[in-house]
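Structure at a glance
What follows is the residue order along each chain.
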Amino acid sequence: MARSTGEDAQALIRSLRSAYAATPKNLKIIDLYVAFAVSTALIQVVYMALVGSFPFNSFLSGVLSCVGTAVLAVCLRIQLNKDNKEFKDLAPERAFADFVLCNLVLHLVIMNFLG
Amino acid sequence: MADRRSMPVSLLAIIATLSIGNVVAASSVVHPVSDPHRSAAVELFTSAGRSLSLEETYEALRTFEVLGIGKAELRSDGCSSVLDVLKLASSSPKELYYALKVNQLSKCSSERAVFEVAASRLKAALSDVSSLLDYHYSVGGLVLIKDLSPDVDVALTDAKGTFQSIKALSQSDGRWRYGSNNPESSTYAAGVALDTLAGIVKLEDSEIGSSMISAVSNDIKKLFDSIEKYDDGTFYFDEKVVESLEYRGPLATSSVVVVGLSSFASATSEKIDIPGEVFSGLAKFFLAIGVPGDSKDLFYQINALACLEDNRVSIPLILSLPATVLSLSKKDQLKVRVTTVLGANSPPLKLKLRQALKSDSADISVIDSQELKHDSSGGFYYLDVLPDSIDVGKYKFVFQILLEDPEHKKSYATGGRIHVPIYVSGVVIVENAVISVLDSDLGTVDTQKKLDLDKQNDISLSANHLQKLRLSFQLSTPRGLAYTPHQAFLRLKHETKVEHIFVVGNSGKQFELVLDFLRLVEKFYYLSGKYELELAVGDSVMENSFLWPLGYIELDMPEAPEKAPRPPPVAADPHSRFEVKAEIQHIFRAPEKRPPEALSLAFLGLSFLPFIGFLGGLLRLGVNLKNFPSSPVPATFAFLFQVGIGAVLGLYMLFWLKLDLFTTLKVLGLLGTFLLLVGHRILSHLAATSAKMKSA
């Protein structure tokens, strides 16, 4: 019935929020970073939709920078999450070093393609 | 069977054709030496404006001697300088040689004492000689002394040795070198060498064995193998290397070789195996120059022709025509002269006109072979009347000279079959010229006017665009055959000077042009009005080519529709098409539309918003720097790590702004190594610290 779905949705959201509050702070930082990157990408896409894709390489470069760094951050989050049995033996510093290195390489390529 | 039997027959035919020898198609007309040469000689040799050197005096005297001009034309005959040179003890062999040559022609002196001095000087020079030219002057001088004063002792000390040292300079291709230390071989030098060797034989023929002479004959044969030729049968000599400093040109080279060959042939009784066609070709080469404009060229030409005139091997006969354009209307006769190269009479011979080939059907002769009659008083051969089958047009007449005496056949060169281009012109008969206006569909005649194409006409016609204009006439040659002239045009010129030209086509004798105005309305740009008519019919062999105005035609064209092409503006000045044209502005690819700057800046600001949001979110989460190492060494490393990352990002900014990839990569290599080291230190330190905390 309509009322139960509305109440169910609210209940679902409440439970999600409380579960999320329990995540460790470093993972929350990473989630925030991902959100920042994706929203920047969205703004760039809206801009391109408005003015046309003339320097297409610049558009791609900007969007892929955001998307790439978001993907790398997600990979970092997977590696740092303690519930993830696969990466139990991986030192978090090592994961972070990988994240930094990959980002630097990504941004070199992006800067080259920016034009 | 049939093939086997026919093969020897055809082979025999081929051999027979080859043995006739002179199947070369020679097709240009040259003229023997004549009065223009004489007047040119006088002009060239006396216009120097300065006293001539001995060499130039000799050249002038020799040319005058051959052409039969009196020596008086040459103001001084150089005798004073001749005697000076002959008496002077320090004269070089070259000066003595030319002095003796001039002396021979102007007979300055015949004192024995003078010649003895000169002879001893020349003999001394021979023992100390180094180059071919020195040999030439010394030996030549001694030969001249022997001719002029037979009792002077001109015996060579070592004739055989001298002969062999000259022969040693010969090359395998028949050319000669100028000296033993000069590696270049030259055809000119070959001519000089042959002359010199002939001179040695003249001086001491007993000492020179026949084997040595036949060796030189072989060289001559090899030299003539390298002769060059043009397609029309002209032969000439030229050097292989034309960039050498001593290059003298084909005229001088051919002339010297001819002189050398003829003097060698006359000095020895050796059989020189060179075909007659080579001599005819050489004669053609010298005569085809016409009258040279330079005194030295004239000397080379005349001297060579004089040697060809009475050489022992083969004397060329020249066929020349005073006129190659024959008019049928004036009933011109075909006249041909056969002479030697210097214009002297030929031995008794028969001249046959073998073929007359029309220019458009070059294989079929329009006449049978016939003999030309000889006019002994004028010295030329002629045909009374041109055969009936010769009509107006361009022909190639093929002549052949047949010598009557078999002895003459051996000593004269007839040049084989000689092709001569002949133009036969005549009056082309124009008749039945009619111009008419026809109604287009039915073809009925609206108006018809007769034209008289011997003069200008002044007819006036009128037509509208539904009608046709028809012009017709007949052309025939004097012999009554059909004739197509080179040009047959009808021109219509409007009052506004716009003109149109049409070609009048023909089938056989009938020429006809039909202008269908219905189809031509657009071509005429819908212009109505008076059009002048002009008819042009012409050809190079048509004696009555004409361009007649015929009159006017009043054309009534419909109104021009909107999109009709306008007639091209006829410029007042016909040369205006060559004026400067308007400058063309080039349009390159249009630049892309860019968004307004305000919008771009707005979005720039907008894209910073998520970053601010990120920072705000971080603050809300309560990030702190508690884990930053407190002890100094790790702290510095941590600080350097952050600085390193910042530096790399700064490098990327610079890369985008102004650096190129290679510089960036170089710097990145350095920064990256630094960052790696620092990062490794700090991160391993942090890892160790957290492991301690966990275990603790």
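Calculation rules
- Residues numbered from 1 in each chain as written.
- Chains lettered and ligands numbered in written order.
- Predicted model: local features only at pLDDT ≥ 70, side-chain atom pairs only at ≥ 80, totals over all residues.
- Heavy atoms only, no water.
- Helix = DSSP H or I, 4+ residues; strand = E, 2+ residues; numbered from the N terminus.
- Buried < 20%, exposed > 50% of the residue type's maximum accessible area, 1.4 Å probe, protein only.
- Areas by Shrake-Rupley, 256 points an atom, 1.4 Å probe, with all protein chains shown as cover.
- Salt bridge = Lys/Arg side-chain N within 4 Å of Asp/Glu carboxyl O.
- pLDDT = per-residue confidence, 0-100.
- Contact = heavy atoms within 4.5 Å.
- Phe/Tyr/Trp six-rings, centres within 6.5 Å; stacked < 30°, edge-to-face > 60°.
- Lys NZ or Arg CZ within 6 Å of the ring centre and 35° of its normal.
- Buried area = accessible area lost by both parts, 1.4 Å probe.
- Expected span 1.5 Å × (residues − 1).
- Pairing = 2+ DSSP bridges.
- Axes fitted to C-alpha atoms, helices over the stretch in contact; angles between N-to-C directions.
- Parallel < 35°, antiparallel > 145°, perpendicular 65-115°, else oblique.
- Nonpolar A, V, L, I, M, F, W, Y, C, P; charged D, E, K, R; others polar.
- Core = buried A, V, L, I, M, F, W, Y, C linked by side-chain atoms within 4.5 Å.
- Disulfide = S-S within 2.5 Å.

Some details on the overall build of chain A
Tallying secondary structure elements over chain A gives four helices and zero strands in all. Reading the secondary structure of chain A in the N-to-C direction produces α-α-α-α. In chain A, which comprises 115 residues, the proportion classed as buried is 29%. Summed over its atoms, the accessible surface of chain A is roughly 7,200 Å², and 69% of this surface lies on carbon and sulfur atoms.

A short note on the pattern of salt bridges
Residues and elements named next belong to chain B. Per the counting criterion, the structure on display carries 21 salt bridges over all chains. D173 is paired through a salt bridge with R175; the nearest N and O atoms lie 3.0 Å apart. Between R479 and D388 there is a salt bridge whose closest N-O contact spans 3.7 Å. Linking R479 in the loop between β19 (467-476) and β20 (487-494) with D388 in the loop between β12 (380-383) and β13 (393-403), this pair joins segments that are 91 residues apart in sequence.

Re the confidence of the model for chain B
Residue and element names in this part refer to chain B. Of all residues in chain B, 94% attain a pLDDT of 70 or more, and the chain-wide mean is 85. The element-level mean pLDDT for chain B is lowest in helix α1 (residues 2-20), coming to 47, with helix α13 (residues 295-309) highest at 93. Per-residue pLDDT stays below 50 along residues 10-26; that stretch engages in 18 contacts with residues further than four places along the chain or on separate chains.

Regarding the packing of aromatic side chains
If you walk through the whole model with that rule in mind, you get 27 aromatic pairs over all chains. Ring centres 6.1 Å apart and planes at 55 degrees place the aromatic pair Y98 of chain B and Y137 of chain B in the tilted group. Placement of Y98 of chain B in helix α5 (residues 93-106) and of Y137 of chain B in helix α7 (residues 132-148) is noted, with a sequence separation of 39 residues between them. Of the residues examined, Y98 of chain B reaches a relative accessible area of 12% and is grouped as buried. According to the relative accessible area criterion, Y137 of chain B is buried, its value standing at 10%. Through a chain of ring-to-ring contacts, the aromatic side chains of Y33, F36, F96 and F99 of chain A together with F611 and F614 of chain B assemble into a single cluster. Here the basic side chain of K28 of chain A rests over the ring of Y20 of chain A, its NZ or CZ set 6.0 Å away from the ring centre. The ring of Y188 of chain B carries R248 of chain B above its face, with NZ or CZ at 4.0 Å from the centroid.

What about the interface of chain A and chain B?
In this complex, chain A contributes 27 residues to the contact, which on the side of chain B involves 34 residues. Summed over both sides, the interface of chain A with chain B buries roughly 2,700 Å², with 83% coming from carbon and sulfur. If you look at where chain A meets chain B, you find zero salt bridges. Those elements giving two or more residues to the side of chain A that touches chain B turn out to be α2 (25-51) and α4 (92-114) of chain A. If one sorts the elements of the side of chain A that touches chain B by residue count, α2 of chain A sits on top with 13 residues.

Focus on helix α17 (residues 632-657) of chain B
Spanning 26 residues, α17 of chain B covers 37 Å between terminal C-alpha atoms, matching the ideal 38 Å at 1.5 Å per step. Buried within α17 of chain B are the following residues: P634, A635, A638, F641, G644, I645, V648, L651, Y652 and F655 of chain B. Buried residues in α17 of chain B make contact with α4 of chain A together with α18 (661-695) of chain B.

A short note on the sheet that holds strand β25 (residues 546-556) of chain B
Residues and elements named next belong to chain B. Overall, mixed pairing links the five strands, which are arranged β18-β25-β24-β20-β21 in an open sheet. At either end of the open sheet lies a strand with only one pairing partner, and these are β18 (459-464) and β21 (499-503). Looking at each pair of strands side by side, their axes are set apart by 25 degrees on average, direction ignored. Bridge count for β18 against β25 is six bridges, and the pairing is parallel. Pairing of A463 across the sheet is with L555, part of β25.

A word on the packing of helix α3 (residues 56-80) of chain A against α4 of chain A
Residues and elements named next belong to chain A. One way to put it is that α3 packs onto α4 with a least axis distance of 10 Å and a crossing angle of 175 degrees. Comparing their axes, α4 and α3 come out roughly antiparallel. Class assignment of the residues belonging to the contact of α3 with α4 gives a composition of 15 nonpolar, nine polar and no charged.

Concerning the sheet that holds strand β14 (residues 412-413) of chain B
All names here are of chain B. Strand order in the open sheet made by the five strands is β11-β12-β7-β5-β14, with mixed pairing throughout. The sheet terminates laterally at β11 (373-375) and β14, the two strands that pair on one side only. The strands that helix α12 (residues 276-288) touches are β5 (315-320) and β14; relative to β5, the one it contacts most, it runs at about 55 degrees.

Here's the deal with helix α16 (residues 597-621) of chain B
Between its terminal C-alpha atoms α16 of chain B stretches 37 Å, which fits the 36 Å expected from 25 residues at 1.5 Å a residue. Of the residues making up α16 of chain B, those classed as buried are F603, P610, F614, G617 and L618 of chain B. Buried-residue contacts for α16 of chain B involve α2 of chain A.

Topic: the pairing of strand β23 (residues 510-516) of chain B
All names here are of chain B. Here β19 runs beside β23; their pairing, made up of seven bridges, is antiparallel. Bridge pairing links R470 to V514 in β23. For strand β22 (residues 505-507) and β23, the ladder comprises three bridges, and the chain directions are antiparallel. Note on β23: the bridge partner recorded for G505 is E512. What sits between the antiparallel neighbours β22 and β23 is a turn of two residues, in which G508 has the positive phi angle 70 degrees.

Focus on the environment of V30 of chain B
All names here are of chain B. Among the structural elements, V30 can be located in the loop between α1 and α2 (35-46). A sequence separation of 290 residues divides V30 from S320, and the C-alpha atoms of the two residues are 6.0 Å apart. When residues no more than four places from it in sequence are discounted, the contact partners of V30 are K284, L287, A288, I318, L319 and S320.

Let's talk about the nonpolar core
Residues and elements named next belong to chain B. Core analysis: the biggest nonpolar cluster contains 102 residues, and L86, I145, W176, I220, F224, L282 and F286 have the highest contact counts within it. Among the elements that make up this core, the one with the highest residue count is helix α9 (residues 187-203) (11 residues). In this view, F224 contacts F237, V257, L261, I274, V278 and L282; residues no more than four positions away in its chain are not counted. Residues L492, F502, V521 and Y526 belong to the second largest nonpolar core, which totals 72 residues.

What about the confidence of the model for chain A?
Within chain A, residue pLDDT values average 90, and 97% of them lie at 70 or more. Averaged over each element, pLDDT in chain A is lowest for helix α1 (residues 2-21) of chain A (86) and highest for α3 of chain A (94).

A look at the state of the cysteines
Taken as a whole and assessed by the stated rule, the structure comprises one disulfide over all chains. Put simply, C79 of chain B and C108 of chain B are joined by a disulfide, and their sulfur atoms are 1.9 Å apart. Measuring the twist about the S-S bond at about -90 degrees, one finds the C79 of chain B-C108 of chain B disulfide to be left-handed. Here C108 of chain B lies in the loop between α5 and α6 (112-127) and C79 of chain B lies in helix α4 (residues 79-87), a separation of 29 residues in the sequence. No disulfide involves C75 of chain A; its nearest neighbouring cysteine sulfur is the one of C102 of chain A, lying 8.2 Å away.

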